[in-house]
Each structure stands twice: as structure tokens, then as C-alpha cells.
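Fold and contact review
Spelled out, the chains give:
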Amino acid sequence: MLFSALTFLCLFLPVVIGGFLVLGWLGWRRLALLWLGLASLVFYGWDDPARLLPLILASITFNYGIGWGLARWPQRGLLVLGVTGNLGLLGFYKYADFLCGTLNHVAGLALPLPGIALPIGISFFTFTQIAFLVDTWRGQAREYSPVHFLVFVTYFPHLIAGPILHHKNLIPQFDKAEVFRPSLSNLALGTSWFALGLAKKLLLADPISRYVGPVFDAAGHGAPLSAADAWAGCISYTLQLYFDFSGYSDMAIGLSLLIGVTLPLNFDSPYRANSMIDFWRRWHMTLSQFLRDYLYIPLGGSRKGRARRYANLVVTMLLGGLWHGAAWTFVLWGAIHGLALAINHFWRECGGRLPSLAARALTLLVVVLAWVPFRAAGLDETLRLWRAMAGGGGGLVIVDSAALWWIVGLGIIALFFPNTQTLLVSPRTGRWAIRWQPSWPWATGLGIAFGAALAVMLSAAPSEFLYFRF
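Only a predicted model underlies this, so the values are computations on that prediction, with no experimental measurement involved. Every chain's residues receive numbers from 1 upward, in the order its sequence appears when written. Selection of residues for local features in this predicted model requires a pLDDT of at least 70, selection of side-chain atom pairs for listing and counting requires 80 or more, and totals for whole chains, interfaces and linings are taken over all residues. Water and hydrogen atoms play no part in the side-chain values, which are based on all heavy atoms of the structure.

Another point: the packing of helix α1 (residues 6-25) against helix α2 (residues 29-45). Running from amino to carboxyl end, α1 crosses α2 at an angle of 165°, the nearest separation of the two axes being 8 Å. Put simply, α1 runs roughly antiparallel to α2. In terms of crossing hand, the pair formed by α1 and α2 is left-handed. Side by side, α1 and α2 meet where F8, F12, V15, V16, G19, F20, L23 and G24 of the first sit next to L31, A32, L33, W35, L36, A39, V42 and F43 of the second. A breakdown of the residues in the contact of α1 with α2 according to their chemical character gives 14 nonpolar, two polar and no charged. For helices, the fitted line uses only the C-alpha atoms of the stretch in contact; every axis is such a line through C-alpha atoms, and the angle between N-to-C directions lies from 0 to 180 degrees. Strands here mean DSSP runs of E at least two residues long; helices mean DSSP runs of H or I at least four residues long; both are numbered from the N terminus. Roughly parallel here means an angle under 35 degrees, roughly antiparallel means over 145, roughly perpendicular means 65 to 115, and every remaining angle is called oblique. Left-handed describes a crossing whose near helix is turned anticlockwise from the far helix through less than a right angle; right-handed describes the clockwise counterpart. Contact definition: two residues touch when any of their heavy atoms are within 4.5 Å. Under the grouping applied here, Gly and all other residues not named as nonpolar or charged are polar, the nonpolar ones being Ala, Val, Leu, Ile, Met, Phe, Trp, Tyr, Cys and Pro and the charged ones Asp, Glu, Lys and Arg.

Put into C-alpha cells, the structure is as follows:
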């Protein structure tokens, strides 16, 4: 089910939020949580319940059992069993075709490809539960009730495309009495976050996507591309991906705020970063934190010397690339970011400095070039686009002049406009924040944005979010 679908907005959301708040108001908190957990399962299995629901329920049962055991006997072997089981499930569904295809190519085999359809959200709920098991083994997570754990894993605002949740950031909130009390302030603020996210998706990300597909498709078919077309297509994708994914994250935060539950921020204007280190503090922030805490630091982090630190950065980002998808293009994307981070750290340690504008421009250039393999269907398509961007393409004209206006307009918004949290946070936590309050000017502005998005929803079928396939 999509956040931008009429079924979700007009049927699912009011029934689920209304039911939760009524049950909480009556004092039936455990029943309200169970209602939320079951509704989240409905949300997840809406399009294919026979295939999706047994999978996620089996994963939840397995991890709750392992967590229950680790809380009593924190043995490394039990943790290895739990992590191996999760990675095995993820590997089977996400990487079976990739591994078979790679073996066929490298070893000259003829293994049949399993052709397994990737379940939506599997990377997110798998990583969430791995973190829970590791923290339980470390003694940092206590045992939770089955209902709490069900809601933690399936919580519908984050389930499909993040943010990646940590148990300590979510479960304790459901022990607070105020979460179960209807609040007009929460409803107003949550609606504001959601409306802004919906507008990002439908009014910004989807329209500029029309300039992405034709360019990448042409490169995939070997058609010669002009440098202008190649750059226009790749920058358009850079902007589409940002507004699509940050829009989803804003909607997730807004939906959760409707019942007074706070989700972590996932974006902080990443295209304004002045280094690759800064970029990863701003882009997909919950994934960055997961990779740091559960991969980079366990590998040794920076504790074992400079060379080992650089190697750990590259390995972490390679695996982060593979997390996004089972293809060599994602491995290449991870390698670019890993090497860029290693070079960035080396440059800083050597005392290197660049003027602020040059540092931002160089960072954004690396990011845009790296998004090419992230979007491309294969390595050949990636190389053709890079060659065209370097001026080695032909004169095929694909992108019209309107693309320039979209690129300039969205680029200005991404680089210079205040982001959602800057608009909506209290002035006490942000010097440049605009005071949000339930008022007629805010209601009018957000109503116009929501109305425009609703008009788009009524005129066309909703498009999936880009991170659904990861």
C-alpha cells in the first residue's frame, strides 16, 4: 500500500488512527497496540498477503525467540544463529539470482536463476531486527512483550522504506500515557509533515522523473548521447531521488506524529554537504548510523591504524551498496563512496582545506556521478553515461528545454530553501526556524499543497517510491 494512494488516505489511515486513539482513550492500551500491530500487517500484506504475511510473521517469530533467549543466555553462538538466520533470509530473497548469475559468468556454469520476487521492505525489517539482537546480546535491550515487538517491527509508517528504527527510539514511547491520548496539536503537526512530504513526492519528484527514464534507457540501448542530455538526465535523477525519498521520510514522520510518536530524521539537506563525510551525516541518516554502529565499528573502526580505518570505510560502503540492491552497479556505487570517504579522511588528516564553495561543488559532483550506477541497469549503461557526461557522446537530443527549468527550480529548493524540519521545529532548537503553529496561514498554505497533490492523485495512478525496491 502506498502513502500516496487514495485507499490509504481515505480508508486505511482514518480507520487505523481513529481506532488506536479511541482504544487508547478508553484506557485499553495493550489492545490499542495490538490494533496498531495488526493494522501494520494489513498495510504490509495489502497487495500480496499470501506471500508477504507468512514471511514477515516467520521473521518476527524467529527474532523474538532468539531475542528472548539472548536476554537470558547472552551467548555468542545464539547471536550468530540469529544474525545468520536473518542474513540467510535476506540473501535468499535478495541475492539468489545475483549469486547464481555471477557464478555462471565467472565459472562458466549454467545454473538456472531462481527468479525470486523481492518482498518489499525486507532490508528494512531485517536490519531493524539484527540491531535488536545485537543490542540484546550486549545487554543494551531488555525483553519486550510480543505485542511491543510486533509493533516495533511492523510499525507501518516506517515498514516499507524506513527510516531504520532502533528499539530504544520507538518501544519506550509506547509506554507513555500521552501517546494514547488524542491531541489536536499532534494531529496538526503530523498533518503538516505529511502534507509537505506528499507535495515533495507528487509535485516535485514525480514530474522531474520524466527526464530521467529516456536518458538512461537510451544509454542502455547504446544510443549516442550528447553531454547536455547525459547531464540533464543524471541531475534530474539526483533531484528525483532526493525529493522522492525525503518526501517519503517526511510522510513517515508525519504519520507517526498523528499519534504522538516521534521517528528519527533521515535527511538534513544532504546536497549542501561540504564533504563526503558531511554528506553521510545528512543523507539517509538512519542507515549511516546503522552501518557505523553495527558494521564499521565492529570491523575495528579507526582503532587499528590509518590503513585499517580506510579499509573499514571501503568495506562498510561496499556492503552498504549491496544492501541497496543485488547488482554490480550497487557494488560500484558503494566503492565510489567508500573510496571518497577514505580520501576525505586522508585529506583532513593531512590538513587539507578547500574554500567552502569549492568543497560543496566537488562533493555534489561526486554524488551526482555516483548516482549514475545507482540508477543504471548495468555497468555498460553506466560507462556510456559517464563518457557522454565527459563530452564523448553524440548529438542525440532527448531532454527538452523544460527540463532546465525543473532542474534549476528543484536545485534551488534543495540547495537554498529551508528543509522540512527547519520549517516545523520550534525556534528553541533552530536559530533560523520559522515558528510553526496551527494557524490560518499555515493551514491555507498546506491545504493548497495537499489539494494540488490530491489533484495529481486523482488524475493518475500513484507511482511507487524509489526505495521500495531496496
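Here we come to the pattern of salt bridges. Where charged atoms from two side chains of opposite charge approach closely, those side chains can pair. The rule for a salt bridge is simple: a side-chain nitrogen of Lys or Arg has to be within 4 Å of a carboxyl oxygen of Asp or Glu. Going through the model one piece at a time under the given rule, you end up with nine salt bridges. Note that E349 is salt-bridged to R309, the shortest N-O span being 2.6 Å. With E349 in helix α15 (residues 328-349) and R309 in helix α14 (residues 306-324), this residue pair connects regions lying 40 residues apart in the sequence. Accessibility here uses a 1.4 Å probe with only protein chains present; expressed as a share of the type maximum, an area under 20% marks a residue as buried, one over 50% as exposed, and anything in between as partly exposed. Note on E349: relative accessible area 34%, which makes it partly exposed.

With that settled, the discussion passes to helix α5 (residues 122-138). To estimate how far a helix should extend, the number of its residues minus one is multiplied by 1.5 Å. Compared with the 24 Å implied by 1.5 Å per residue over 17 residues, the 24 Å span of α5 between its first and last C-alpha is a close match. Burial within α5 is extensive, with 15 of its 17 residues counted as buried. With its phi angle positive at about 85°, G139 sits one or two positions after the end of α5.

Another aspect to go through is the nonpolar core. Inside soluble globular proteins, nonpolar side chains tend to come together where they are buried. F3, F8, Y155, F174, W283 and W371 are the most contacted members of the largest nonpolar core, which has 140 residues in total. The element best represented in this core is helix α11 (residues 227-257), accounting for 15 residues. Other than its neighbours up to four places away in sequence, F3 contacts F8, L9, F43, F156, P157, F194, Y248, M251, A252, L255 and F465. We call a set of buried residues a nonpolar core when its members are Ala, Val, Leu, Ile, Met, Phe, Trp, Tyr or Cys and they connect through side-chain atoms within 4.5 Å of each other.

One non-glycine residue, S269, adopts positive backbone phi at about 50°. Examined against the element boundaries, S269 turns out to sit in the loop between α11 and α12 (276-282). One non-glycine residue, H284, lies in positive phi territory at about 40°. Relative to the elements of secondary structure, H284 occurs in the loop between α12 and α13 (285-296).

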